[in-house]
Amino acid sequence: MTAALLLQSAIIGISIGSIYILMALGLTLMFGMMHIINFAHGAVYMLGAFVIYYVFFQGGAPYFAALVLAMVLLGAFGYLVERSVYRPIKGGIEPTLVALLALTTFLQAAGYPVFGQLDKHVPPVFAGTRNILGVMISVERLMIIPVAAVLVVGLYLFINRTRLGAAMRAIEQDKEAAALQGVNVHVVNGLAFAIGFALAAAAGALMAPIFKLDPMMGEQPLLKAFIIIILGGLGSIPGAILGGLMLGLIDSIVATALGAEPAFLLSFVFIIGLLLFRPSGLFGHA
Amino acid sequence: MRSKRSVMWLAFLTVAALSPFAPPTVCAQDVIRFGVSTPLSGPAAPWGIPHKNATELIFDELNAQGGLAIGSKKYRLEVVAYDHKYVIAEGVATVNRLIAKDGVKYISVLGGSVVKAIEEPVNESRVLNLPLAYADGLVSPKNPLTFHAFPSPPETTAFWKWIKEKHPQIKRVATLSPNDDTGWWSIKVEAAYVQKLGYEVVAKEFFERTMTDFNPVLLRILAQKPDIISVLASPAGSVGLVIKQARELGFKGRFIHIGQIDTSVVANIAGKANVEGTWVHGYVQNPLPEKIKSWQARYTKKYGEWNATSIDFANPAFAFVAAVKKAQSLDQKKIAEALQTVEFENLWGMAHFGGKEYYGIGNQILYPMPFSEVRDGVANLVVQLAPPHN
């Protein structure tokens, strides 16, 4: 593998890793606070992409306005899911898992009659390629990195510098104690759902002009997000960031060097190996 | 007034009560049900939808003329179609349902990996299958009731000979195909053929059908500096992404698909300019012979939108109707015997089943195969070639 090829695959890996991070952050945030795995995350990713299709491509709105709209709409949907699914079943882990699995199945099945049977596409937002140190990289892929970085930094600042973020951290540490200190657990849980869904929607919206759109498009990113949060440590935001970058780089560099199948296998071998030594993941608590 | 209403009710109830004893209608009794298991959603839907539609259109037109005559009896043809999404488990489930629940004796299944997975139930149930599928050993003496109704790689590789003559500057070939029965066999046949012709096969890569990010695998391929990339057996949605991403990575060469893809779907994803120069088999938009123009008009009238894939994917229905007419029987074995000898018209000309010297059984459709080149976004017919075996 030449240095140029390594550089090219590393940049592609960071770009795809940025999407994985956005997907995993929402999942890990919800797990950290409520100990639930959001199976609907992949379907929300798909809906985020379809908002771009209808609002940006069909409706002619500016791309970033459509991206923000996707985040707002699906964030509100997340809040509604907390109110109508999670809260009524009193946060029971197993019933919530089943309910979210049912929701994702419904959204995927409804996708075909609503969006059509054929794959959809969104034209490029940032067309063309750039020559970076002698290797060609598409501008679309490069643009994912700063946009994802802005969202990650924004989430970090929100969680660490705001009162609501402090409330989230308090619930993550001890829900009952946080409630005794006056934290409205329901509202903050609703906010976590909203942020988780909005991040998944952003990931889908960023990928819409790069890949094709279909109702099942969220399955692969969801699988990757699960791998990342296990790798990074369940509930850990720094773990999700590092895990996302690692998986993106493995996917890209190993697949370029050895082929797609070995890369897929190696990502699992790597996780199994890591979990043997650190069963709680890179940043997880035992 | 009240008595008049009572009489009407009495009449209605009498008719309703007697109706189960009335002789069954001709329509209800004399129906031939033809099963179609095909991808009607997902990346392979651009193949499955015209497969189902073309079969329905041919049957509807025949029904409008009174139906299919066997002796003195006329039968109405009916399509029972299910979506398998190009997922093997769904394919097996839909075919089992067609055979066991719907009682269908004749089917057409699209997709090599699906058709391989249903070989056993099809053979055990003695169901006649007219698939559109690429898979090793599909056309073989162990599947006597399977008649492949679309040209396969052993036939369509003939186009490489034409390329060798007309474009001698192309020397290095890379292949990228789905990681399943369809892809493995297609590439095995194509690579062996092009190597025999003197080409250098510089890369052979496979991908999962769910893959959308082809960058890593394309980086591997492009590092070998191919002149042309074959995407044989890949669905249109995947080919669109492959072409788009390969162009972004700087690939300037050609693409070729000697299976079949809808180049308009590919161009929608990859961009019109990126698809320029691509060679495909079995998808022609221009020029169309009068017979196909008439088919186009009828298809568009019925379905609202024209789909050129329907031209070649009408073969199972044409073959079935011709064989039943010749056999004058609904017995699968007799229809199969008729298929081995019948000559019939498809939309490109005269077709028949043959290829015994290659496959060991004469169950592969053979007819003059159309090949196109995409120019200005349109698939233009460049040549029609006879299959290399008869």
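Residues numbered from 1 in each chain as written. Chains lettered and ligands numbered in written order. Predicted model: local features only at pLDDT ≥ 70, side-chain atom pairs only at ≥ 80, totals over all residues. Heavy atoms only, no water.

## Quick look at the overall build of chain B
- The secondary structure content of chain B amounts to 18 helices and 15 strands.
- Over its C-alpha atoms, taken along the principal directions, chain B stretches across nearly 90 × 50 × 40 Å.
- Among the 390 residues that make up chain B, the fraction classed as buried is 60%.
- If you take every contact in chain B between residues at least 6 apart in sequence, the share linking residues at least 24 apart comes to 66%.
- Accessible surface, chain B as shown: approximately 15,400 Å² in total, 56% of it carbon and sulfur.
- Of note, chain B has its 42 positive side-chain charges centred 5 Å away from the centre of its 35 negative side-chain charges. (Helix = DSSP H or I, 4+ residues; strand = E, 2+ residues; numbered from the N terminus. Buried < 20%, exposed > 50% of the residue type's maximum accessible area, 1.4 Å probe, protein only. Contact = heavy atoms within 4.5 Å. Areas by Shrake-Rupley, 256 points an atom, 1.4 Å probe, with all protein chains shown as cover. Lys, Arg positive; Asp, Glu negative; His and termini not counted. Charge placed at Lys NZ, Arg CZ, Asp CG, Glu CD.)

## Here's the deal with the domain arrangement of chain B
Residues and elements named next belong to chain B.
- The domains assigned to chain B are domain 1 (31-151 + 289-368) and domain 2 (154-281).
- A C-alpha centroid distance of 27 Å is found between domain 1 and domain 2.
- Contacts between the two partners involve 21 residues from domain 1, matched on the other side by 25 residues from domain 2.
- Carbon and sulfur atoms make up 61% of the area that domain 1 and domain 2 hide from each other, which totals about 1,800 Å².
- Of all residues in domain 1, Trp47, Tyr134 and Asp136 bury the most surface against domain 2, accounting for 33% of the area lost on that side.
- Viewed at the interface, domain 2 and domain 1 are joined by 1 salt bridge.
- Between aspartate 136 and lysine 188 there is a salt bridge, and its shortest N-O distance comes to 3.1 Å.
- At the junction of domain 1 and domain 2, the tally comes to 10 residue pairs in polar contact (both at pLDDT 80 or more).
- It is helix 5 (residues 112-117) that contributes the most residues to the side of domain 1 that touches domain 2, 3 residues altogether. (Domains from an automatic or database assignment. Buried area = accessible area lost by both parts, 1.4 Å probe. Salt bridge = Lys/Arg side-chain N within 4 Å of Asp/Glu carboxyl O. Polar contact = N/O pair within 3.5 Å; in protein donor to acceptor, adjacent residues only side chain to side chain.)

## Quick notes on the nonpolar core
- One finds Leu128, Phe159 and Phe320 of chain B to be the most contacted residues of the largest nonpolar core, which totals 204 residues.
- At 17 residues, the largest contribution of residues to this core is made by helix 1 (residues 3-34) of chain A.
- Here this core spans two domains, since at least three of its residues come from each of domain 1 (31-151 + 289-368) and domain 2 (154-281) of chain B.
- The residues touching phenylalanine 159 of chain B, leaving out its near neighbours within four places in the chain, are Ile256, Ile258, Trp279, Phe371, Val382, Val383 and Leu385 of chain B.
- Ranked by size, the runner-up nonpolar core spans 16 residues in total, among them Tyr82, Val95, Val104 and Ala133 of chain B. (Core = buried A, V, L, I, M, F, W, Y, C linked by side-chain atoms within 4.5 Å.)

## Considering the interface of chain B and chain A
- Taken residue by residue, the interface counts 29 residues in chain B and 29 residues in chain A.
- The largest per-residue losses of area from chain B upon contact with chain A belong to Leu219, Arg220 and Glu248 of chain B, which jointly make up 23% of the total buried on that side.
- Joining chain B to chain A, the criterion identifies 2 salt bridges.
- The partner of lysine 244 of chain B in a salt bridge is glutamate 140 of chain A, and the shortest N-O contact between them spans 3.5 Å.

## Structural notes on the sheet that holds strand 14 (residues 369-375) of chain B
All names here are of chain B.
- On the basis of which strands lie adjacent, the open sheet formed by 7 strands has the order 7-6-8-9-10-14-15 and mixed pairing. Both edges of this open sheet fall to strand 7 (200-207) and strand 15 (378-385), since each of them pairs with a single strand only. Geometrically, the sheet is characterised by an average inter-axis angle of 20° between neighbouring strands, direction not taken into account.
- Of the strand pairs in this sheet, strand 6 (residues 172-178) and strand 7 are connected by 7 bridges, and their pairing is parallel. The partner of proline 178 across the bridge, within strand 7, is phenylalanine 207.
- Where helix 8 (residues 158-166) meets the sheet, its contacts fall on strand 6, strand 8 (228-230), strand 9 (254-257), strand 10 (279-281), strand 14 and strand 15, and the angle it forms with strand 15 comes to roughly 100°. (Pairing = 2+ DSSP bridges. Axes fitted to C-alpha atoms, helices over the stretch in contact; angles between N-to-C directions.)

## Remarks on the environment of glycine 42 of chain B
- Relative to the helices and strands, glycine 42 of chain B is located in the loop between strand 1 (31-38) and helix 3 (45-64).
- Remark: the alpha-carbon pair of glycine 42 of chain B and glutamate 155 of chain B, spanning 113 residues in sequence, is separated by 28 Å.
- Apart from residues no more than four positions distant in its own chain, glycine 42 of chain B is found in contact with Tyr112, Gln117 and Asp119 of chain A.

## Observations regarding the sheet that holds strand 12 (residues 349-354) of chain B
All names here are of chain B.
- The antiparallel open sheet is built from 3 strands, whose spatial order is 11-12-13. Every other strand in the sheet has two partners, leaving strand 11 (343-346) and strand 13 (364-366) as the edge strands with one partner each. Geometrically, the sheet is characterised by an average inter-axis angle of 40° between neighbouring strands, direction not taken into account.
- Both strand 12 and strand 13 contribute to a ladder of 3 bridges, which runs antiparallel. Paired with histidine 352 across the strands is leucine 366, a residue of strand 13.

## Observations concerning the environment of phenylalanine 270 of chain A
Residue and element names in this part refer to chain A.
- By the element assignment, phenylalanine 270 lies in helix 11 (residues 260-277).
- A sequence separation of 11 residues divides phenylalanine 270 from glycine 281, and the C-alpha atoms of the two residues are 12 Å apart.
- In this structure phenylalanine 270 touches Leu231, Met246 and Ile250, once residues within four positions along its chain are discounted.

## Description of the packing of aromatic side chains
- Summed over the entire model, instances satisfying the criterion amount to 35 aromatic pairs over all chains.
- Here phenylalanine 207 of chain B and phenylalanine 214 of chain B contribute two aromatic rings whose centre-to-centre distance is 5.0 Å and whose plane-to-plane angle is 80°, an arrangement assigned as edge-to-face.
- Among the aromatic side chains, those forming a connected cluster through ring pairs are Phe50, Tyr53, Tyr54, Phe57 and Phe115 of chain A.
- Lying across the ring of tyrosine 199 of chain B, lysine 164 of chain B places its NZ or CZ 4.8 Å from the centre. (Phe/Tyr/Trp six-rings, centres within 6.5 Å; stacked < 30°, edge-to-face > 60°. Lys NZ or Arg CZ within 6 Å of the ring centre and 35° of its normal.)

## Concerning the environment of asparagine 315 of chain B
Residue and element names in this part refer to chain B.
- Among the structural elements, asparagine 315 can be located in helix 16 (residues 315-327).
- With a relative accessible area of 0%, asparagine 315 lands in the buried category.
- It is 11 Å that separates the C-alpha atoms of asparagine 315 and phenylalanine 147, two residues lying 168 residues apart in sequence.
- When residues no more than four places from it in sequence are discounted, the contact partners of asparagine 315 are Ala149, Phe150, Asn346, Ile365 and Tyr367.
- A distance of 2.9 Å separates a polar side-chain atom of asparagine 315 from the backbone oxygen of aspartate 312.

## Quick look at the pattern of salt bridges
- By the definition in use, this model includes 24 salt bridges over all chains.
- Where lysine 212 of chain A meets aspartate 119 of chain A, a salt bridge forms, and the shortest distance between an N and an O atom there is 3.4 Å. Of this pair, lysine 212 of chain A sits in the loop between helix 8 (185-207) and helix 9 (219-232) while aspartate 119 of chain A is found in the loop between helix 4 (93-115) and strand 1 (129-132), placing the two residues 93 residues apart along the sequence.
- The buried category is assigned to lysine 212 of chain A, whose relative accessible area is 4%.
- For aspartate 180 of chain B, the salt bridge is made with arginine 209 of chain B, and the minimal N-O distance between the two is 2.6 Å.

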